[in-house]
Amino acid sequence: MTDRIAILDFGSQFTQLIARRIRDLGVFTEIYPWNANVRQVLRACDKPAVGDGELKGIILSGGPQSIYAENAPYVQDYLLEIGVPVLGICYGMQALAAKLGGRVEHAEHHEYGLTALEIVKHNPLLPEDHLSVYMSHGDRVEQVPTGWEISASSPSSPIAAMAHPYRKLYGLQFHPEVHHTEHGKQIIERFIFDVCGCEATWTSKCIIEESVAQIRETVGDGRVLSGLSGGVDSTITTALVQKALGGHVTAVFIDTGLMRLGEAAQVEKIFRPILGDHLVIVDASARFFERLKGVTDPEAKRKAIGEQFIREFESAVRDLGEFEFLAQGTIYPDVIESQGVGDSSQRIKSHHNVGGLPKDMQFKLVEPLRQLFKDEVRQIGLELGIAPELVWRQPFPGPGLAVRCLGEVTPSRVATLQQADAIFLEELGKANLLTWDESDHTHTGSSQAFAVLLPVRSVGVMGDQRTYGETIALRAVTSVDFMSGNWSRLPYELLACCSSRIVNEVPGVTRVVYDITSKPPATIEWE
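Residues numbered from 1 in each chain as written. Predicted model: local features only at pLDDT ≥ 70, side-chain atom pairs only at ≥ 80, totals over all residues. Heavy atoms only, no water.

A. Quick peek at helix H7 (residues 263-275). With 13 residues, H7 extends 17 Å from end C-alpha to end C-alpha; this agrees with the ideal 18 Å at 1.5 Å per step. Residues of H7 that are buried: Glu-263, Val-267, Phe-271 and Leu-275. Where H7 is buried, its residues contact helix H6 (232-245), strand E11 (249-255) and strand E12 (279-283). Following H7 by one or two positions, Gly-276 adopts a phi angle in the positive range, close to 60°. (Helix = DSSP H or I, 4+ residues; strand = E, 2+ residues; numbered from the N terminus. Expected span 1.5 Å × (residues − 1). Buried < 20%, exposed > 50% of the residue type's maximum accessible area, 1.4 Å probe, protein only. Contact = heavy atoms within 4.5 Å.)

Here is the structure:
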């Protein structure tokens, strides 16, 4: 069993960063809504889940509200009664102070960006000297609760850090999880290891062992249908359930007609030797295009595709006997973006495998990657012995090109997009830019790259004649966990080559543009 840190989310844009920093340190953490009950946070449930273990500490995230606003999130009593260390960050510190009798007021001067912090009293989380920290707040703590010590101050926050060492309660007005904060990683390390006493046992081997045990307990003697798309997440999901259940697993690949150029044949070539008769391939392209006819809204697309996937799975196995369970490659960012984690968090978009599942679905879900970030999934794949070319394959959305074909999805529009996308990926491959080295701080290369067909026509000139054709947008991003990402600084010469080839080789396309928006504010996919 692994040690565990609970993060209570008060609506901060940085909450996922806190989780990433802790996972990177080898400790499991999970995000809960600020108003989660004690049973949820203590994981008092009947069945074990991956990451279950002793709760060693609680972190209260930042948030956009004022502590005195109507219906503002607050610190629940039990969080201070269960006897584990608590760290409040930004709004979390203010909520902690207000809960325990301190005073929080609106600051005359807001603090945004980098600020010099002066250490005024020893705090086990902080270095002994000055440091530069990232601030983002309008309110501030004016008086600490009884028994608390002021640890640090800044020009606009006389109380920028506070502590009650005896009770192991701490507050930071700044954001240690943001990489701009000097020694931010060490501050989180000190809380996790020195104060909470966690051990760094959240490793790929540990995750696999817990996942296999959980799958076996959940499924028992049942049979599992594994949805295989050929992507990283579904491939590793299939490998995990096979490791746990052996021949009780059958993988089904649904050819939606919305795959990358030649991808259906590639999946057959790669996985048939591995899975043999336990691989079922279904050509459902006509049914998916019919289902998407006239649909242009992104949410409606995802939900229609999610439901159609389930219907295809149900139909595919009718002649193969009973399958009680469906395994799918849902990962943590899918859940966060589809559902948020509470009233203070916003849904970004409904992923087809989370928000698009029909209520009358016949299967029970098996989702061994549901609590993992993308980089954790890849490390599990390598630990399982999956070929590196599959593990490091570029991500592809479950709904396929339907969410890269803006506007109505038709066979002809998808064919146009497939050709443009293939050219872009081919040129990136030639230039050795289909991958990205995290140590490359120029962000040249790509963690994910693709073409988008826009519902925009523009005037052009080809062969001395006026044209009025389609517009293709190219997008390439660098990212570790896909919760955030930077647009790739691709060489101009490569972009020029891609543009020239697409306009000359793809019928009907007269204009190519390049997307230079990072995540946030954009998402990686356009829809």
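B. Structural context of the pattern of salt bridges. In the structure shown here, the tally under the stated rule is 25 salt bridges. The closest approach of N and O atoms between Glu-307 and Arg-311, which form a salt bridge, is 3.8 Å. Here Glu-307 pairs with Arg-311, and both are found in helix H9 (residues 298-316), just four residues apart, close to one helical turn. A relative accessible area of 24% places Arg-311 in the partly exposed class. Its salt-bridge partner being Arg-475, residue Asp-515 comes within 3.2 Å of it at the nearest N-O pair. Of the two residues, Asp-515 sits in the segment after strand E18 (509-514) while Arg-475 sits in strand E16 (residues 465-478), which places them 40 residues apart along the sequence. For the residue pair Asp-515 and Arg-475, the accessibility class agrees, reading buried in each case. If you follow the salt bridges from partner to partner, you end up with Glu-426, Glu-427, Lys-430, Arg-501 and Glu-505 in one network. (Salt bridge = Lys/Arg side-chain N within 4 Å of Asp/Glu carboxyl O.)

C. Local environment of the nonpolar core. Grouped together as the largest cluster of nonpolar side chains are 57 residues, with contacts concentrated most on Val-252, Phe-313, Phe-424, Ile-472 and Ile-502. With seven residues, helix H13 (residues 411-430) is the single largest residue contributor to this core. The contact partners of Phe-424, leaving out residues within four places of it in the chain, are Ala-449, Phe-450, Ala-451, Leu-474, Arg-475, Ala-476, Leu-490, Leu-494 and Cys-498. Among the nonpolar cores identified, the runner-up in size contains 36 residues, and Val-27, Ala-152, Tyr-170 and Ile-192 belong to it. (Core = buried A, V, L, I, M, F, W, Y, C linked by side-chain atoms within 4.5 Å.)

D. The packing of H6 against helix H11 (residues 374-383), seen in detail. Where H6 meets H11, the closest approach of the two axes is 10 Å, and the angle between their N-to-C directions is 45°. Judged by the inter-axis angle, H6 sits oblique to H11. Remark: the crossing between H6 and H11 carries left-handed chirality. From H6, Val-232, Asp-233 and Ile-236 reach across to H11, where they touch Lys-374, Val-377, Arg-378, Ile-380 and Gly-381. (Axes fitted to C-alpha atoms, helices over the stretch in contact; angles between N-to-C directions. Parallel < 35°, antiparallel > 145°, perpendicular 65-115°, else oblique. Left-handed = near helix turned anticlockwise from the far one by under 90°.)

E. Inspection of the packing of helix H5 (residues 204-219) against H6 at higher detail. Where H5 contacts H6, the axes come no closer than 9 Å and their chain directions differ by 65°. As summarised for this structure, H5 and H6 are arranged roughly perpendicular, according to the angle between their axes. Of the two possible hands of crossing, H5 and H6 adopt the one that is right-handed. Contacts from Ile-208, Ser-211, Val-212, Ile-215, Arg-216 and Val-219 in H5 reach Leu-240, Val-241, Lys-243, Ala-244 and Leu-245 in H6. Of the residues in the contact of H5 with H6, the class split is eight nonpolar, one polar and two charged. (Nonpolar A, V, L, I, M, F, W, Y, C, P; charged D, E, K, R; others polar.)

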